[in-house]
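Observations on chain architecture
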Amino acid sequence: MLAKRIIPCLDIRNGTTVKGINFVNFRDAGDPVALGAEYSRMGADELVYLDITASHEGRKTFTALVKRIAAHIHIPFTVGGGIRELSDVETLLNAGADKISVNSAALRRHDLIDGIARHFGSQVCVVAIDAGQESGDWQCYMNGGRIPAGQNLFDWAQEAEQRGAGEILFTSMTHDGVKKGYANDALALLAERLHIPVIASGGAGAATHFYDAFTLGKADAALAASVFHFGEIKIPALKRELLSRGIEIRI
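Summarised in this report is the structure supplied together with it. This one's a predicted model, so the numbers in the text were calculated from it and none came from an experiment. (Residues numbered from 1 in each chain as written. Predicted model: local features only at pLDDT ≥ 70, side-chain atom pairs only at ≥ 80, totals over all residues. Heavy atoms only, no water.)

**Comments concerning the pairing of strand 8 (residues 137–142)**
- Of all six residues in strand 8, five are buried; the element is thus mostly enclosed.
- Summarising the sheet, strand 7 (residues 125–134) and strand 8 pair through five bridges and their orientation is antiparallel. Residue Gly 132 lies in a different strand from strand 8, and its bridge partner there is Gln 139.
- Linking two consecutive strands that pair antiparallel, namely strand 7 and strand 8, is a turn of two residues; a positive phi of about 55° is found at Ser 135 within it.
- As judged from the three bridges shared by strand 8 and strand 9 (residues 147–152), these two strands associate in the antiparallel manner. Counterpart to Gln 139 in the pairing with strand 9 is Asn 152.
- Joining the antiparallel neighbours strand 8 and strand 9 is a turn of four residues, in which Asn 143 adopts a positive phi near 55°. (Buried < 20%, exposed > 50% of the residue type's maximum accessible area, 1.4 Å probe, protein only. Helix = DSSP H or I, 4+ residues; strand = E, 2+ residues; numbered from the N terminus. Pairing = 2+ DSSP bridges.)

Here is the structure:
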């Protein structure tokens, strides 16, 4: 059994880490390089950096910041936001990123996933999906949760896998920042339908929520932001608790 992963997520806006609730009401959470370096020291398995306004503002992702991150962090990290073509992927990988996350651009042009997988390998391609639950159905959104994509979560995740995605990063907009637990029912359905790892995102508020995501939701990794940024959960203590409860995890 592969070890489960704990992944802090750093949402970046104007060069600063921010965190919101349900994709709005953002507050400052600190310097992204310093935070990432601290998480690396604390035992995080990976990091995710998302330029949360790049797609909406029609600009490229923060290449200069990626270079600074790579110089200070010694664990794998994924970069997303504003990636629209293969040259963007190449630029960010050359800057030091280990994986690339695509969301809005892949929903607009599905074959972007094929191209990334073919040119750089599936292990580089993380397809992020922001979805909200509406009348029992899960619908995908683009541009940081602003624009409905007209795609069902489960159908899109399966297509992304078939096109070559190496992982699915599913963020529940319904649960984001609320701190009442992950969307475990939806996660379990994703795990049942897919053959690639699923990263849970949206809803972490306590250590038991991570445990539930790994057991009830069958997630391969759990991503969180505010509980780490504001010191509500310490990664070493979280890992020790999960290990004591029978979760295979790296200490």
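**Let's talk about the packing of aromatic side chains**
- Evaluated as defined, the whole model comprises five aromatic pairs.
- Between the aromatic rings of Tyr 182 and Phe 210, the centroid separation amounts to 5.9 Å while the plane-to-plane angle is 75°, which identifies the pairing as edge-to-face. Here Phe 210 lies in helix 9 (residues 207–215) and Tyr 182 lies in the loop between strand 10 (167–172) and helix 8 (184–193), a separation of 28 residues in the sequence. Both residues of the pair, Tyr 182 and Phe 210, belong to the buried class.
- An aromatic cluster of at least three residues, connected via ring pairs, comprises Tyr 39, Tyr 182, Phe 210 and Phe 228.
- Over the face of the ring belonging to Tyr 211 we find Arg 245, whose NZ or CZ atom lies 3.8 Å from the ring centre. (Phe/Tyr/Trp six-rings, centres within 6.5 Å; stacked < 30°, edge-to-face > 60°. Lys NZ or Arg CZ within 6 Å of the ring centre and 35° of its normal.)

**Quick notes on helix 7 (residues 153–163)**
- Turning to helix 7, its buried residues number three or more, namely Leu 153, Phe 154, Trp 156, Ala 157, Ala 160 and Glu 161. Angularly, the buried residues of helix 7 cover 165° about the axis, an arc narrow enough to put them on a single face.
- For helix 7, the capping residue at the N-terminal end is Asn 152, with a side-chain oxygen 2.9 Å from the backbone nitrogen of Phe 154.
- Directly after helix 7, the chain includes Gly 164, whose backbone phi takes a positive value near 120°. (Arc of directions from axis to C-beta. Polar contact = N/O pair within 3.5 Å; in protein donor to acceptor, adjacent residues only side chain to side chain.)

**Let's talk about the nonpolar core**
- Judged by nonpolar contacts, the single largest core of 71 residues is most densely connected at Val 127, Leu 153, Phe 170, Phe 210 and Phe 228.
- Core analysis: the next-biggest nonpolar cluster, separate from the first, contains 10 residues, Val 48, Leu 50, Ile 199 and Leu 223 among them. (Core = buried A, V, L, I, M, F, W, Y, C linked by side-chain atoms within 4.5 Å.)

**Concerning the side chain of Glu 46**
- Relative to the helices and strands, Glu 46 is located in the loop between helix 1 (32–42) and strand 4 (47–51).
- Owing to a relative accessible area of 9%, Glu 46 belongs among the buried residues under this scheme.
- Engagement of the side chain of Glu 46 in a polar contact is seen with the side chain of Arg 5, the distance being 2.8 Å.
- A polar atom in the side chain of Glu 46 sits 3.2 Å from the side chain of Lys 99.
- Excluding anything up to four places from it in sequence, Glu 46 contacts Arg 5, Ile 6, Ile 7, Pro 8, Ile 75, Pro 76 and Lys 99. (Contact = heavy atoms within 4.5 Å.)

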